[in-house]
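# A closer look at the structure
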Amino acid sequence: MTAALELLPTLVADGPVTTTTLADRVGLSTSRLTHLFSEQVGLPLRRYVLWTRLMIAVTEVGAGRDLTTAATPPGSPTAPT
């Protein structure tokens, strides 16, 4: 699970994250990843991804970015250009 936790901030910062992408990167099936993640981290993977996205946005706002830019993930249709 350490590998998944280390990869998540970078994956989240790069845009939308899928369970399939993360599972492929750490060499597990999606069902095994979601089960192990919840069991070992204590949060569902989806909730942890949302929390990570929020922490990245808070950090960006603290660095002077506006809320809209900080809260919009790269690669989303509404991402600022």
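Criteria and cut-off values
Residues numbered from 1 in each chain as written. Predicted model: local features only at pLDDT ≥ 70, side-chain atom pairs only at ≥ 80, totals over all residues. Heavy atoms only, no water. Helix = DSSP H or I, 4+ residues; strand = E, 2+ residues; numbered from the N terminus. Buried < 20%, exposed > 50% of the residue type's maximum accessible area, 1.4 Å probe, protein only. Contact = heavy atoms within 4.5 Å. Expected span 1.5 Å × (residues − 1). Arc of directions from axis to C-beta. Salt bridge = Lys/Arg side-chain N within 4 Å of Asp/Glu carboxyl O. pLDDT = per-residue confidence, 0-100.

## Side note on the overall build of the protein chain
From N to C terminus, the protein chain includes five helices and zero strands. The buried share of the protein chain, taken over its 81 residues, is 23%. For the protein chain, long-range pairs separated by at least 24 residues make up 38% of all intrachain contacts whose partners lie at least 6 apart in sequence.

## Things to note about helix 3 (residues 30–41)
Given a rise of 1.5 Å per residue, 12 residues ought to cover 16 Å, and the 16 Å separating the end C-alpha atoms of helix 3 matches this to within 8%. Within the span of helix 3, buried status applies to Leu33, Leu36 and Phe37. The arc enclosing the buried residues of helix 3, seen along the axis, measures out at 105°, which places them on a common side. Of the exposed residues in helix 3, those oriented more than 90 degrees away from the buried face are Ser31 and Glu39. Elements in contact with the buried residues of helix 3: helix 1 (2–14), helix 2 (19–26) and helix 4 (45–62). At the C-terminal side of helix 3, Gly42 shows a positive phi close to 90°.

## Section: the pattern of salt bridges
Applying the stated criterion across every chain, the model contains one salt bridge. In this structure, Arg65 engages Glu60 in a salt bridge whose closest nitrogen and oxygen atoms are separated by 3.1 Å. Residue classification places Glu60 among the partly exposed positions, given a relative accessible area of 24%.

## As for the confidence of the model for the protein chain
Put simply, the protein chain has an average pLDDT of 88, and 89% of its residues get 70 or more. The spread of mean pLDDT over the elements of the protein chain runs between helix 5 (residues 67–71), the lowest at 78, and helix 3, the highest at 96.

## Section: the environment of Arg46
The residue Arg46 is located in helix 4 in this model. Given a relative accessible area of 70%, Arg46 falls into the exposed group. Taking the C-alpha atoms as reference, Arg46 lies 8.3 Å from Thr19; in sequence the two are 27 residues apart.

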